[in-house]
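Survey of secondary and tertiary structure
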Amino acid sequence: MRYAKCLDLLKFTALAYHICGKVTAADDNSNNFGQMYKWKNLQDGFAEAKVSRKPIFLLIHKAGCPTCEKLKPKFTNSIRILDLSKHFVMVNVKKCEVQDEARFQPDGTYVPRILFFTPDGEFMEDVYNRHPKADDKYKYFYSNTSQIVDSMILALERCSKDSRIKILHDKIGKV
């Protein structure tokens, strides 16, 4: 009798794990760019940024793209990007989800590309790969994590500066 109860408990646990595992996989927005990041889809990400007042980190990629595949383990293994990601709304989309919108194609439709937006959804054109060996034709393409980290820091500095100017402007306007 005791064994029957244990067996039933094991069956229940296995069933619960199976069901919960499927739900987690269905809600996974990582596209194999690291499940430890809090990835959002495009619409939810831009909405969350307005509320949280965090800038947007937008990663655009394509399934089966060899260069995108090379970037995935770099992303997954980067502690620095993960640490900085806490200051961003991280948005991860496939190229087909944004191919009709010009604001997501500032210098072409290549992948992968990483774009940064203010919390209000304004594109930060001046935040791009500034590495000396970066290709000027593909300003938003990053081949290694240090390049991504540099742009993330620049985006945070820019948003910080913009918010200080806004606060100053609001204070002057109230006087």
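Per an unreviewed UniProt entry, the protein goes by Thioredoxin domain-containing protein and derives from Ooceraea biroi.

When we look at burial in helix H2 (residues 42–52), the residues that qualify are Leu42, Gly45, Phe46 and Ala49. Down the axis of H2, the buried set is contained in an arc of 95°. They therefore lie on one face. Across from the buried face of H2, at angles greater than 90 degrees, the exposed residues are Gln43 and Val51. Here the buried face of H2 lies against strand E1 (39–40), strand E2 (56–61), strand E3 (89–94) and strand E4 (113–117). Two to three positions downstream of the cap, the backbone nitrogen of Gln43 sits 3.3 Å from a side-chain oxygen, assigning the N-cap of H2 to Asn41. Note on H2: the residue one or two positions beyond its end, Arg53, has a positive phi of about 65°.

A few words on the environment of Met152. Turning to its location among the elements, Met152 is positioned in helix H5 (residues 145–174). You can call Met152 buried: its relative accessible area is 0%. Linking Met152 and Pro55, residues 97 residues apart in sequence, is a C-alpha distance of 9.5 Å. Excluding residues that lie within four positions of it along the chain, Met152 makes contacts with Phe57, Ile81, Leu84, Ser85, Phe88 and Phe116.

A word on the pattern of salt bridges. Per the stated rule, a full pass over the model turns up six salt bridges. Arg80 is the salt-bridge partner of Asp83, the closest N and O atoms lying 3.4 Å from each other. Of this pair, Asp83 and Arg80 are both found in helix H4 (residues 79–85), three residues apart, which corresponds to roughly one turn of the helix. Owing to a relative accessible area of 36%, Asp83 belongs among the partly exposed residues under this scheme. Asp126 is the partner of Arg158 in a salt bridge, and the nearest nitrogen-oxygen pair spans 3.0 Å. Residue Arg158 is found in helix H5, and its partner Asp126 is found in the loop between E4 and H5; the two are separated by 32 residues along the sequence. On the basis of relative accessible area, Arg158 is assigned to the partly exposed category, the value being 24%.

Cut-offs applied
- Residues numbered from 1 in each chain as written.
- Predicted model: local features only at pLDDT ≥ 70, side-chain atom pairs only at ≥ 80, totals over all residues.
- Heavy atoms only, no water.
- Buried < 20%, exposed > 50% of the residue type's maximum accessible area, 1.4 Å probe, protein only.
- Helix = DSSP H or I, 4+ residues; strand = E, 2+ residues; numbered from the N terminus.
- Arc of directions from axis to C-beta.
- Contact = heavy atoms within 4.5 Å.
- Polar contact = N/O pair within 3.5 Å; in protein donor to acceptor, adjacent residues only side chain to side chain.
- Salt bridge = Lys/Arg side-chain N within 4 Å of Asp/Glu carboxyl O.

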